[in-house]
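# Chains, contacts and geometry: an overview
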Amino acid sequence: MAAAGAPSGGAAGSSKVAPSVEFDHSCSDSVEYLTLNFGPFETVHRWRRLPPCDEFVGARRSKHTVVAYRDAIYVFGGDNGKTMLNDLLRFDVKDCSWCRAFTTGTPPAPRYHHSAVVYGSSMFVFGGYTGDIYSNSNLKNKNDLFEYKFATGQWTEWKTEGRLPVARSAHGATVYSEKLWIFAGYDGNARLNDMWTIGLQDRELTCWEEIEQSGEIPPSCCNFPVAVCKDKMFVFSGQSGAKITNNLFQFEFKEKIWTRIPTEHLLRGSPPPPQRRYGHTMVAFDRHLYVFGGAADNTLPNELHCYDVDSQTWEVIQPSPDSELPSGRLFHAAAVISDAMYIFGGTVDNNIRSGEMYRFQFSCYPKCTLHEDYGRLWENRQFSDLEFVLGEKEDRVRGHAAIVTARCKWLRKKITQARERLKQKSKQEIEEEGQALSQNEGICGNVKLCCLQPLLEVTIREAEAQPFEVLMQFLYTDKIKYPRKGHVQDVLLIMDVYKLALNFKLSRLEQLCLQYIEASVDLQNVLIVCENANKLQLDQLKEHCLNFVVKESHFNQVIMMKEFEHLSSSLIVEIVRRKQQPPLRTHSDQPLDIGTSLIQDMKAYLEGAGIEFCDIILLLDGHPRPAHKAILAARSSYFEAMFRSFMPEDGQVNISIGEMVPSKQAFESMLRYIYYGEVNMPPEDSLYLFSAPYYYGFYNNRLQAYCKQNLEMNVTVENVLQILEAADKTQALDMKKHCLHIIVHQFTKVSKLPNLRSLSQPLLLDIIESLANHISDKQCAELGSDI
């Protein structure tokens, strides 16, 4: 499924959720027929205010729970500002109607800050805070467990043998592997960070078990949400006293290990994590976590933050223009049904309880695999055409000219110089060394095919192999694999990478390295890092280390270390002077240069910056289009297999999709997708490219999903004739029928389109035949003669 943001280059509100893709495989072995499900569909990233809960059904509330079961949201408990509640409300998401849920048996006592989860056909409610808040009497935390069966409405309390979790409220709860998992909360005296689990299959044979956790366990906290995504449980922020942060933690259920998700890879200028907060919600959908609301440093923000578990990046979701945004709130509750999130209640401004229900539409597209595809090309080094000779040891590292020259101007210059030197060698010298350079002049105008055989050697005396390989990984993937945080050798490695980034003028990599190193500096390694920064003349990093050392809480510890005695005398003098007279802080008004991204660089490369490094010609209906083998092979298993098995002698490849040759415009759309993941295109292009993911072996059906939603959304009177032509050419019979339907019902407008008379005769006859079924024979004859 796809990234939560809008399609690349488009507004968030311009895309729709695509229904499932279906094919009719009976029509042909070579052509895929698409089946479209026209309307109704919801705008992606649209907030919609649904009918609020009526007072005669249930009170406005906060600190309650909601769960989703089938097509309904169930609301239990909470408080209305005066009393605690234990009623159970039901909201039907199809009818958008409220009612009281049917119940029998004895429900849990009125409570708030409890937890509720769904397992099988039951809801389980655990713990919470009970008593009379109005008279401030009989207030206490609970550790009881109740089951509500949706089918019968029966409430039952589970009584179990053995140890029980300490009574608590404001904890986290989830279901995984047929068990209820409880984490942290507040016991009335202190915040907790223990974890308990209980099997939900058979209450007669189950008991509570405390889990022995390991790793970076979150600090004791309460009023936080948990969510399960990709077999891991995630915890974000919450009330942790002085330790409150905006850290995201993940828990591996099988290994029982916690990990703090690092943020060092988040480039300055890219969206940061949400502010630290409590009383917020977090839900999982596909590979994303969505965080909404809560109290963030005395504010009630209403942005929706999204975390991509795969790429470990945050973003703020831009709502569609027609959204009805919920106001900021805390102690609300959220649940997911199908491809939408529902948020109910909460405390809004001036401590007012809400009875509102809001719906948010997720996006449902496969993720972009651009970075992974280029990363795989780097890992396997297939189709390498470069060999870098590095440092004094002359270590050798292979690469691809197409990627390296697209990303780094400094290395591009080196590669160009190496090519020129090779060209200047005599033919006899080239043959003796086995370095034959085949030149193919005159193909596609002035374009030369660069078939560099064998590998072109490029000498880089300034770089050693290990840091250079980290830099190369960045060129291919836009990120670096962060080593062990704080480990001295790993920090020193990234410092060498940072030095290369400065030399090669890679601003983006500079920032990534600097952020990692600054986040890794601690009392154990600061002197080593400072000494190394001084030696490598990394002034910004040295400044960071000096400021770290002279901090009041650090200075005495640092100067007592043995390493301090071995510092260079000049550095010791600098530290002492810095402590005696700290420099005045200066604020630069210069905007931070975060460099260009992989997507930006590959876009420029396709648009002409890479023309001199083209090594393959793609022929579309006889017309040549220069391209790059490595890029095509990285993104398409079709091209990868072709270039691995055989290479056309003339360096030319005919382009088709099955038996169909796409239009030039559609072919350019496909190249944009291949080179930099662009999916924006006119709807008629989408018909040509609908089957391209199958034929060319793209690594998921992201392009196809966008093609489908593009067609469902964007067939208009203005473009219906172009789409009709494309549908006829691609034999997309259902789309052709849909276009004819629009033409018939909007013929007054369509008849004025200048391209109507340029349609082929068979298509004009199809239009006349469709019109004949809706108007009189006389009118049809008149229209036919006019056409």
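The rules behind the values
- Every residue gets a number counted from 1 within its own chain, in the order that chain's sequence is written.
- Totals for whole chains, interfaces and linings use every residue, but because this is a predicted model, local features are given only for residues with pLDDT of at least 70 and side-chain atom pairs only at 80 or more, for both listing and counting.
- Side-chain metrics rest on all non-hydrogen atoms present in the structure, leaving aside hydrogens and water.
- Every helix listed is a DSSP run of H or I at least four residues long, and every strand listed is a run of E at least two residues long, numbered separately from the N terminus.
- Summary of the burial criterion: residues with accessible area below 20% of their type's maximum are buried, those above 50% are exposed, and those between are partly exposed, where the area comes from a 1.4 Å probe applied to protein chains only.
- The contact rule is simple, with two residues in contact once any of their heavy atoms fall within 4.5 Å.
- Residue-level accessible areas treat just the shown protein chains as cover; the underlying method is Shrake-Rupley with a 1.4 Å probe.
- In short, DSSP must find at least two bridges between two strands for them to pair.
- We call a set of buried Ala, Val, Leu, Ile, Met, Phe, Trp, Tyr and Cys residues a nonpolar core when their side-chain atoms join them within 4.5 Å.
- Note on definitions: salt bridges are taken to be side-chain nitrogens of Lys or Arg within 4 Å of carboxyl oxygens of Asp or Glu.
- Expected helix span is given by 1.5 Å per residue-to-residue step, counting one fewer step than there are residues.
- The quantity known as pLDDT measures the predictor's confidence residue by residue, on a range of 0 to 100.
- Between the rings of Phe, Tyr and Trp (Trp by its six-membered ring), a pair exists once the centres lie within 6.5 Å; its type follows the angle of the planes, with under 30 degrees stacked, over 60 edge-to-face, and the other angles tilted.
- Criterion for a charge above a ring: Arg CZ or Lys NZ at most 6 Å from the ring centre, at most 35 degrees from the ring normal.
- Here, two cysteine sulfur atoms that lie within 2.5 Å of each other are counted as a disulfide.

## A word on the overall build of the protein chain
- Counting its secondary structure elements, the protein chain contains 24 helices and 38 strands.
- In the protein chain, buried positions account for 53% of the 787 residues.
- Intrachain contacts of the protein chain at a sequence separation of at least 6 include 64% that bridge at least 24 residues.
- By element, 48% of the accessible surface of the protein chain is carried by carbon and sulfur atoms, the whole surface being about 35900 Å².

## Side note on the sheet that holds strand β15 (residues 191-199)
- Here four strands make up an open sheet; going across it, the order is β13-β14-β15-β16 and the pairing antiparallel. Unpaired on one side and paired on the other, β13 (172-176) and β16 (209-210) mark the two borders of the sheet.
- Where β13 meets strand β14 (residues 179-186), five bridges bridge the pair, whose relative direction is antiparallel. If you follow Tyr 176 over to β14, its bridge partner there is Lys 179.

## Focus: the environment of Gly 293
- Mapped onto the elements of the fold, Gly 293 is located in the loop between β23 (288-292) and β24 (304-308).
- Sequence separation between Gly 293 and Leu 304 is eleven residues; the distance between their C-alpha atoms is 7.6 Å.
- Ignoring anything within four residues of it in the chain, the contact list for Gly 293 reads Arg 277, His 280, Pro 301, Glu 303, Arg 329 and His 332.

## Observations regarding the nonpolar core
- One finds Phe 388 and Phe 468 to be the most contacted residues of the largest nonpolar core, which totals 139 residues.
- In terms of residue count, the dominant contributor to this core is helix α6 (residues 488-503) (nine residues).
- Apart from the residues within four sequence positions on either side, Phe 468 is in contact with Phe 388, Leu 390, Val 397, Leu 411, Ala 463, Leu 500 and Phe 504.
- Grouped together as the second largest cluster of nonpolar side chains are 17 residues, Cys 53, Trp 98, Ala 335 and Met 357 included.

## Regarding the pattern of salt bridges
- Scanning the entire structure with this criterion turns up 42 salt bridges.
- Glu 157 is the partner of Lys 159 in a salt bridge, and the nearest nitrogen-oxygen pair spans 3.2 Å.
- Its relative accessible area of 64% is what places Lys 159 among the exposed residues.

## Side note on helix α16 (residues 664-676)
- Along its 13 residues, α16 runs 18 Å from first to last C-alpha, staying within 8% of the 18 Å computed at 1.5 Å per residue.
- Within α16 the residues assigned to the buried category are Ala 666, Phe 667, Glu 668, Ser 669, Met 670, Leu 671, Tyr 673, Ile 674, Tyr 675 and Tyr 676.
- Looking one or two residues beyond α16, the residue adopting positive phi is Gly 677, at roughly 80°.

## Digging into the confidence of the model for the protein chain
- Per-residue pLDDT for the protein chain has a mean of 87; in total, 87% of the residues score no lower than 70.
- Of the regions scoring below 50 in pLDDT, residues 1-33 engages in 103 contacts with residues more than four places distant in sequence or in other chains.
- Confidence over residues 435-452 falls short of pLDDT 50; this stretch has 46 contacts with residues more than four positions distant or in other chains.

## What to know about the packing of aromatic side chains
- The final tally for this structure, using the stated rule, is 38 aromatic pairs.
- Seen from their ring centres, Phe 183 and Trp 258 are 4.9 Å apart, and the 45° between their planes marks the pair as tilted. Taken as a pair, Phe 183 in strand β14 and Trp 258 in strand β21 (residues 257-260) lie far apart in primary sequence, 75 residues in all. Judged on exposure class, the residue Phe 183 and its partner Trp 258 are both buried.
- One aromatic cluster in this structure is built from Phe 383, Tyr 638, Phe 639, Phe 643, Tyr 673, Tyr 695, Tyr 696 and Phe 698.
- In this structure, Arg 635 packs its charged tip against the face of Tyr 673, placed 5.0 Å from the ring centre.

## Let's talk about the state of the cysteines
- Summed over the entire model, instances satisfying the criterion amount to zero disulfides.
- Residue Cys 221 stays outside any disulfide, its sulfur separated by 7.1 Å from that of Cys 222, the closest cysteine.
- Judged by its relative accessible area of 2%, Cys 221 is buried.
- Residue Cys 545 stays outside any disulfide, its sulfur separated by 4.9 Å from that of Cys 530, the closest cysteine.

## Some words on unusual backbone geometry
- Even without being glycine, Asn 138 reaches a positive phi, approximately 55°.
- Take Asn 138: it is sitting in strand β11 (residues 137-149).
- For Asn 138, a relative accessible area of 59% gives the class exposed.

## Focus: helix α20 (residues 720-730)
- Inspection of α20 places Val 720, Leu 721, Ile 723, Leu 724, Ala 726, Ala 727 and Thr 730 among the buried residues, and these make up the whole buried set.
- Structurally, α20 contributes buried residues whose contacts are with α17 (683-689), α19 (702-714), α21 (733-745), α22 (747-750) and α23 (761-772).
- Gln 731 sits one or two positions beyond α20 and adopts a positive phi of about 60°.

## A look at the pairing of strand β9 (residues 115-119)
- Of the strand pairs in this sheet, β9 and strand β10 (residues 122-132) are connected by five bridges, and their pairing is antiparallel. Residue pairing for β10: Tyr 119 is matched across the bridge by Ser 122.
- Hairpin connection from β9 to β10: two residues lie between these consecutive antiparallel strands, with Gly 120 at a positive phi of about 60°.

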